Protein chains: 2
Amino acid sequence: MLYTRSKIDQFDKRFRTQFINSLTGFKSINLIGSKSKEGIENVAPFSQVIHVGAHPPLVGVLFRPGVVERNTLENIREIFYFTLNHITASNFIQGHQTSARYAKEVSEFKATGLKSQYIEDFPAPFIASSKIKVGLKFKEEVTLASNGTHLLVGEIILVDLPEEYLGNDGFIDLEKAGSLTCSGLDSYHKTTVVKRLPYAKVDKPIL
Amino acid sequence: MLYTRSKIDQFDKRFRTQFINSLTGFKSINLIGSKSKEGIENVAPFSQVIHVGAHPPLVGVLFRPGVVERNTLENIREIFYFTLNHITASNFIQGHQTSARYAKEVSEFKATGLKSQYIEDFPAPFIASSKIKVGLKFKEEVTLASNGTHLLVGEIILVDLPEEYLGNDGFIDLEKAGSLTCSGLDSYHKTTVVKRLPYAKVDKPIL
């Protein structure tokens, strides 16, 4: 079925949001932990997180102008540090609830029962129930002229994960770790590996 | 296990690339179809694709300076149109092979056996075996100062997908469509839904 742009523009707003959010495919789903300069801990779920580079290790997060995302963005602009925590089957319901429009002075940790955790002297809170935790420092922010969204780039400062999920080649077994993936605005999925493929070369025949 | 930045910086280069690429979580995996101004069709796999906005419908793709990605980026800069095509279990092996460093004058369609498809008068090729196909037009490009990668924003012009996967609320059932997700550099996974959750509200108790 062909959906032209004029047909898409005629969709009801909620329908169109769900439709367009589905089109990029399965997404990562992380809880971002942050803290205001007044010390109020914040958590919010983000599915627009991308790998930006490995040398130096960089991660990008896209922020829309919504209240929930703005709280996190303002916190990062204030204290420069934030954390990325994989959502699993054990915390996705609490994690999803942190997307509600809590006021900035309300900590989503208290509101949802998620527990914060501090690792060494890293200034932002991690989510205790997440297995894979990444601590980041603000590096760069760009605003997209197209729609005013903000791409924030963070540099990885520390990583905490159970050693059993780390392979000899650096591959982290996210499936064993129970990390979920999401689709659209609200659908959470677990995964089953189909195959890992070797590095592709021009002169090597297809498997 | 805690991995500090100094420990990460001491990792072997391949190990570190695989490690850092795993940290953002499960990713979408799409084949981008493009065409040079000489008419040579190009395909390459991309896992750094994000939803940028729904009104207007925008998608972001991060390009690194590698040969494979540069071919696609140059094509988009030349003809302004490109396509996003979900990878499934039926085409992920050919899709992965398109990441080999073919010269710009070689079409990865011919090299891998993937078939191109044209929809109406859209100027860039779609991947015939993909179920979910999105046609985009170049909208904006920003270069990140952090590491010289390029974020290209495309505006959605058309969408082609089997009607049976589209729900009453605009949700596209990617699992039924067989879209895969990937992790690290080379691992492909299918999904099983855990749950869809309702829109989160402050005064609504957690499920």
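If you're wondering where the values come from, they're calculated on a predicted model, not measured in any experiment.

Visitor: It is not clear to me how the relation of the copies chain A and chain B should be interpreted in this structure. Could you clarify?
Guide: Both copies of the chain are tied together by a single rotation about an axis and a shift running along it. At an RMSD of 0.0 Å, chain A and chain B line up after a rotation of 180° and a shift of 0.0 Å along the axis. With respect to symmetry, the two chain copies, as superposed, fit the operation of a two-fold axis. In terms of C-alpha distance to the rotation axis, chain A has T191 of chain A as its closest residue, with the C-alpha 2.1 Å off the axis. A shared binding surface is used by both copies, with 100% of the interface residues of chain A retained as interface residues in chain B.

Visitor: How should the sheet that holds strand β2 (residues 27-28) of chain A be read in this particular structure?
Guide: Sheet strands line up and pair through hydrogen bonds in the backbone, either parallel or antiparallel. Read from one edge to the other, the open sheet built from six strands follows the order β2(A)-β12(A)-β13(A)-β13(B)-β12(B)-β2(B), with strand pairing classed as antiparallel. Of all strands in the sheet, those with a lone pairing partner are β2 of chain A together with β2 (27-28) of chain B, marking the two edges. In the sheet, strand β13 (residues 187-196) of chain A pairs with strand β13 (residues 187-196) of chain B via nine bridges, with the strands oriented antiparallel. From the neighbouring strand, S187 of chain A faces β13 of chain B, where its bridge partner is R196 of chain B.

Visitor: I'm lost on helix α2 (residues 13-23) of chain A in this one. Help?
Guide: Side chains of residues three or four places apart in an α-helix project in the same direction, reflecting 3.6 residues per turn. Residues and elements named next belong to chain A. Most of α2 sits inside the fold, with eight of its 11 residues counted as buried. You can read the cap of α2 off the contacts: a side-chain oxygen lies 3.3 Å from the backbone nitrogen of R14, and it is on D12. Backbone geometry just after α2 places G25 at a positive phi near 105°.

Visitor: How should unusual backbone geometry be read in this particular structure?
Guide: Residue and element names in this part refer to chain A. The omega torsion of the bond from H55 to P56 falls at -5°, within 30 degrees of zero and hence cis. With respect to the secondary-structure elements, P56 resides in the loop between β5 (49-54) and β6 (57-63). In this structure, F80 takes a positive phi of about 70° despite not being glycine.

Visitor: Explain the pattern of salt bridges to me, please; I cannot follow it from the model alone.
Guide: Once the charged atoms of two side chains with opposite charge are near each other, the side chains can pair. All names here are of chain A. Scanning the entire structure with this criterion turns up 26 salt bridges over all chains. Residues E74 and K104 are paired through a salt bridge, measuring 3.7 Å at the closest nitrogen-oxygen approach. With E74 in helix α3 (residues 67-79) and K104 in the loop between α4 (92-97) and α5 (108-112), this residue pair connects regions lying 30 residues apart in the sequence. By relative accessible area, E74 is classed as partly exposed at 27%. Ionic pairing is found between R77 and E141, a salt bridge with its closest N-O pair at 2.7 Å. Residue R77 is located in helix α3, and its partner E141 is located in strand β10 (residues 133-143); the two are separated by 64 residues in the primary sequence. On the basis of relative accessibility, which here comes to 26%, the residue E141 falls in the partly exposed class. Overlapping salt bridges bring together K37, E38, R70, E74, E78 and K104 as one network.

Visitor: Explain the interface of chain A and chain B here, please?
Guide: Interface size, as often reported, equals the accessible area lost upon joining of the parts. At the junction of the two partners, chain A supplies 106 residues and chain B supplies 106 residues. Between chain A and chain B, a total of about 9600 Å² is buried, with carbon and sulfur atoms accounting for 64% of that surface. Summed over the shared surface of chain A and chain B, the result is four salt bridges. Here R196 of chain B makes a salt bridge to D186 of chain A, at a shortest N to O gap of 2.9 Å. In this assembly, chain A and chain B are joined by 52 residue pairs in polar contact (both at pLDDT 80 or more). Taken together, the three bridges between strand β11 (residues 150-160) of chain A and strand β1 (residues 2-4) of chain B define a ladder with antiparallel strand orientation. Looking across to β1 of chain B, one finds that D160 of chain A is bridged to L2 of chain B.

Visitor: What's the story with empty space enclosed by the protein in this structure? I'm lost.
Guide: To find leftover empty space, a probe the size of one water molecule is rolled over the atoms. Applying the stated criterion across every chain yields a total of two cavities of 30 Å³ or more. Taken as a whole, the largest cavity spans an internal volume of roughly 80 Å³. Taken together, 14 residues form the lining of the largest cavity, with S28 and V49 of chain A together with K27, S28 and V49 of chain B sitting closest to its centre. For the lining of the largest cavity, the elements supplying multiple residues, two or more each, are β2 and β5 of chain A together with β2 and β5 (49-54) of chain B. Here the residues of the lining of the largest cavity sort into six nonpolar, six polar and two charged. Taken as a whole, the second largest cavity holds about 30 Å³ of empty space. Contributing to the lining of the second largest cavity are N42, V43, A44, V68, N71, T98, A100, Y102 and E108 of chain A. Of all elements in the fold, only β4 (41-46) and α3 of chain A reach the threshold of two or more residues within the lining of the second largest cavity. Element by element, the count of residues in the lining of the second largest cavity is highest for β4 of chain A, at three residues.

Visitor: Is there a simple way to think about the pairing of strand β11 (residues 150-160) of chain B in this case?
Guide: In regular strands, side chains alternate between the two faces of the sheet. Residue and element names in this part refer to chain B. The element β11 is largely enclosed, with a buried count of 10 among its 11 residues. Alignment of strand β6 (residues 57-63) against β11, held across six bridges, turns out to be antiparallel. Following the sheet pairing, V61 is matched in β11 by L152. The pairing of strand β10 (residues 133-143) with β11 spans 10 bridges and is classified as antiparallel. When the bridges of β11 are listed, K137 appears paired with E155.

Visitor: Would you explain helix α3 (residues 67-79) of chain B in this entry?
Guide: Residues and elements named next belong to chain B. End to end, α3 covers 19 Å across 13 residues, agreeing with the expected 18 Å (1.5 Å per residue, within 8%). The complete set of buried residues in α3 reads V68, E69, N71, T72, L73, N75, I76 and I79. Where α3 is buried, its residues contact β3 (30-35), β4 (41-46), β6, β7 (81-86), β10 and β11. Immediately beyond the C-terminal end of α3, within one or two residues, lies F80, with a positive phi of roughly 70°.

So, how was this worked out
- Residues numbered from 1 in each chain as written.
- Chains lettered and ligands numbered in written order.
- Predicted model: local features only at pLDDT ≥ 70, side-chain atom pairs only at ≥ 80, totals over all residues.
- Heavy atoms only, no water.
- Least-squares fit on C-alpha atoms with pLDDT ≥ 70 in both.
- Contact = heavy atoms within 4.5 Å.
- Pairing = 2+ DSSP bridges.
- Helix = DSSP H or I, 4+ residues; strand = E, 2+ residues; numbered from the N terminus.
- Buried < 20%, exposed > 50% of the residue type's maximum accessible area, 1.4 Å probe, protein only.
- Polar contact = N/O pair within 3.5 Å; in protein donor to acceptor, adjacent residues only side chain to side chain.
- Salt bridge = Lys/Arg side-chain N within 4 Å of Asp/Glu carboxyl O.
- Buried area = accessible area lost by both parts, 1.4 Å probe.
- 1 Å grid on protein atoms, 1.4 Å probe; cavity = no way out; pocket = protein on both sides within 12 Å on 5 of 7 lines; lining within 4 Å.
- Points joined across faces, edges and corners; volume = space filled by probe spheres on them.
- Nonpolar A, V, L, I, M, F, W, Y, C, P; charged D, E, K, R; others polar.
- Expected span 1.5 Å × (residues − 1).

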